[in-house]
Amino acid sequence: MKRIAFILTILCTIGVSVQAQKYEIKYDDNFKKQGVVDPNGKLIIPIEYHWCEIPYDLSKEPLIRVHDFDNTVAAFSLKGKQLTPFHQYEGIDYTPYGFIGRNYKTNPTSMWMGFLSLEGKEILPCEFSYILPKENFIEVQKRTPSKTLHGLYTHQGKELIPCNYGHLIYYKHCILVSISGSLLDQGTEGIYSMQGELIVPCKYNILRASSEDCSYEMFEIRQGKENKSFVVFNENGELAVPFNMYQGIEHADNSNRLLYTVLKDGKWGLWYQDKEIMACQYDAPIKFSNDVATVKKDGEAKLIKNPLKDASQILIAESKTDTKKKVKGPAVSRYPKPDSDVDSNIPVAKKQAENTFAFIICNENYPDAPVPYSLNDGRMFLEYCKKTLGIPEKNINLYEDATYGNIITAVEKMKSVADAYDGEASIIFYYAGHGFPDEKQSTAYLLPIDGNASDITTTGYSLAKFYKELAAMKLKSSVVFLDACFSGAKREDEMLASSRGVAIKVKDEAPQGNMIVFSAAQGDETAHQLEEKHHGLFTYYLLKELQATEGDVDMGTLTEYVTKQVKRQSVVINNKKQTPKVNASTALAGSWQNLKLK
């Protein structure tokens with residue numbers, strides 16, 4: 001029998017040597033030892049081993065298995081370098097991620113596996129009944145008399161999920177585990193993140209909620225019939241809605257599958273893109289139809305608009321619900337209308353700037369701290385964009401008294417414009433309203449009309465985030481005008497809200513990409529109003545220069561004029577220092593002064 005096996009080995013290796021790129025087995029004079037020569041005839045594995053095995057297809061298995069006389073095997077490279085040790089494994093399997101070593105020594109009745117890197121370093125010891133390397137991790141199994149246990153390791157050998165679970169199910173952003181060997185068993189399931197963090201302990205029944213948007217993953221978690229919670233992962237695999245935050249989640253708008261109505265402590269609110277955008281305060285789920293929803297709060301019904309849409313574009317028709325709320329049109333200002341010299345005789349451009357888009361946010365009617373003349377500022381800036389800069393009306397987007405959702409909508413529309421125009425579009429962004437600092441980090445935020453200054457990091461829109469989003473868009477240029485300060489003060493010099501009661505100096509946020517930012521004030525200064533002109537001081541002189549030059553002005557000249565006038569008039573009129581500031585991205589450091597708005 002040994003002679004037959006020996007002959008078969010010779011025949012097989014001769015057959016393989018033709019297929020395997022002419023690597024050949026070489027024998028000693030007694031045909032008892034083997035080695036390997038490469039296609040050039042060079043002996044790369046010495047003739048001193050029991051037998052050598054050359055895979056049929058070296059493109060799929062680029063190695064040579066060499067068996068010693070003690071029935072152990074080692075892997076060699078095609079250049080003859082020994083990759084794995086002898087006397088440890090009785091079998092070696094190649095994978096693109098490393099080698100699987102097999103032996104029977106630890107238990108003669110069953111095979112055990114370990115894992116080695118492609119350089120031969122032992123990653124996992126030979127103590128598993130099964131190993132399955134995957135692209136991002138290694139699944140391992142251990143068989144016990146009653147069931148098979150599963151676990152996960154990284155390719156470097158770090159334990160992600162202990163080998164204690166009867167079942168693993170892989171999703172895009174997480175892994176569902178079960179203590180039991182069957183997912184039909186009740187109260188045995190949990191969830192791990194892809195980084196090995198236990199998100200949900202293994203004592204629940206978990207159902208993956210179906211969604212047409214595969215970038216987000218939502219799981220319903222039950223304990224008994226009544227107790228219910230949810231976990232949601234965003235498109236980056238980050239935990240967007242943590243475990244036990246909400247007791248209910250439903251789609252709020254069939255036209256936007258990322259807008260959810262969420263239940264917390266018996267009340268419903270809205271959640272969108274990692275954030276609660278409307279506090280949980282209503283008695284029933286919020287469901288939008290044509291961007292309008294009927295809600296009940298403490299038994300009283302009323303209509304609300306979709307916070308992700310432009311409120312001025314949503315008309316609420318007469319409703320059958322018992323509500324006294326009137327139909328709302330454009331925002332109503334409590335201050336005098338614009339009637340200064342810049343509000344008339346507005347120059348008209350001779351040609352249209354078809355590839356320029358304007359996004360204007362003017363927030364005036366904050367519940368506790370209105371910003372005088374912000375609506376005047378935004379509306380007149382729109383007129384100058386349309387007439388003086390020649391921006392088509394369809395390219396101008398105005399958001400009056402913008403909510404957090406409105407700001408999100410504006411940014412999303414900017415992204416759509418940038419994608420559609422593929423680097424040929426320019427964006428002008430104008431903001432008049434409150435800015436506010438995060439005292440702990442000294443970072444700046446735009447304050448939506450529904451924001452809360454005492455919870456600015458949750459309800460405000462980070463200026464750094466906005467710059468990053470704008471820089472990521474493929475644009476010809478982007479110019480940002482901010483008639484706001486970020487010290488925590490109002491235009492009237494009173495403090496908006498600050499636990500310390502003093503103005504706060506925030507960090508300068510660096511613009512990126514092809515971006516210029518022109519701000520009304522810097523550091524801990526206040527952006528003042530110009531009472532006699534019914535405008536913000538910064539905006540008035542911005543419009544004044546656009547009027548005088550008919551819009552044909554470069555950014556260097558424009559910013560120099562506005563800065564000079566604002567510095568002077570602020571001291572004369574308000575007895576306060578206000579210094580506009582220009583921040584240009586690195587890419588425009590030496591050329592921003594020559595950039596024109598039209």
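Calculation criteria
- Residues numbered from 1 in each chain as written.
- Predicted model: local features only at pLDDT ≥ 70, side-chain atom pairs only at ≥ 80, totals over all residues.
- Heavy atoms only, no water.
- Helix = DSSP H or I, 4+ residues; strand = E, 2+ residues; numbered from the N terminus.
- Buried < 20%, exposed > 50% of the residue type's maximum accessible area, 1.4 Å probe, protein only.
- Contact = heavy atoms within 4.5 Å.
- Areas by Shrake-Rupley, 256 points an atom, 1.4 Å probe, with all protein chains shown as cover.
- Pairing = 2+ DSSP bridges.
- Axes fitted to C-alpha atoms, helices over the stretch in contact; angles between N-to-C directions.
- Phe/Tyr/Trp six-rings, centres within 6.5 Å; stacked < 30°, edge-to-face > 60°.
- Salt bridge = Lys/Arg side-chain N within 4 Å of Asp/Glu carboxyl O.
- Core = buried A, V, L, I, M, F, W, Y, C linked by side-chain atoms within 4.5 Å.

When you go through the protein chain residue by residue, the secondary structure sums to seven helices and 38 strands. Here the protein chain, with 598 residues, has 52% of them falling under the buried criterion. Long-range pairs, those at least 24 residues apart, make up 47% of the contacts in the protein chain between residues at least 6 apart in sequence. If you sum the accessible surface of the protein chain, you get close to 29000 Å²; carbon and sulfur atoms cover 49% of it.

Here we take up the sheet that holds strand 25 (residues 275–282). One open sheet accounts for four strands, arranged 22-23-24-25; its pairing is antiparallel. For this open sheet the edge positions go to strand 22 (248–251) and strand 25, each flanked by a neighbour on one side alone. Ignoring which end each strand starts from, the neighbouring axes of this sheet average 25° apart. The pairing of strand 22 with strand 23 (residues 259–264) spans four bridges and is classified as antiparallel. If you follow H251 over to strand 23, its bridge partner there is Y260.

Bringing the packing of aromatic side chains into the picture now. Counted by the stated rule, this structure contains 23 aromatic pairs. Seen in terms of ring centroids, F128 and Y153 are 6.0 Å apart; in terms of plane orientation they differ by 70°. Their pairing is edge-to-face. Here F128, found in strand 10 (residues 122–128), pairs with Y153, found in strand 13 (residues 148–153); they are 25 residues apart in sequence, far enough to count as distant. Each member of the pair, F128 together with Y153, is buried. An angle of 75° between the planes, with centres 5.8 Å apart, marks the rings of Y165 and Y192 as edge-to-face.

For the rest of this paragraph, the subject is the pattern of salt bridges. Taken as a whole, this structure holds 18 salt bridges when the rule is applied. Of the charged contacts, one joins E276 and K264 as a salt bridge, the two residues approaching to 3.4 Å between their closest N and O atoms. With E276 in strand 25 and K264 in strand 23, the pair connects residues that are twelve residues apart, well separated along the chain. Here K387 ties to E383 by a salt bridge, and the two come within 3.5 Å at their closest N and O atoms.

Let us now look at the side chain of T459. Take T459: it is sitting in helix 4 (residues 456–459). With relative accessibility at 19%, the residue T459 sits in the buried group. Aside from chain neighbours lying at most four places away, what touches T459 is Y404, P448, G451 and N452.

This next bit is on the environment of V332. Structurally, V332 can be placed in the loop between strand 27 (300–305) and strand 28 (356–362). Among the residues examined, V332 registers a relative accessible area of 66% and is labelled exposed. For the pair V332 and D401, spaced 69 residues apart in sequence, the C-alpha to C-alpha distance is 9.5 Å. Residues within four places of V332 in sequence aside, it is in contact with N365 and L375.

Buried together is how nonpolar side chains tend to be arranged in soluble globular proteins. If you look at the biggest cluster of nonpolar residues, it comprises 66 residues, and the most contacted ones within it are I249, W271, I286, F429, F466 and L482. With residues near it in sequence (within four places) discarded, I286 still touches A252, T261, W268, G269, L270, M278, A293, V295 and I304. One finds I346, Y541, M555 and V566 within the second-largest nonpolar core, a separate group that totals 39 residues.

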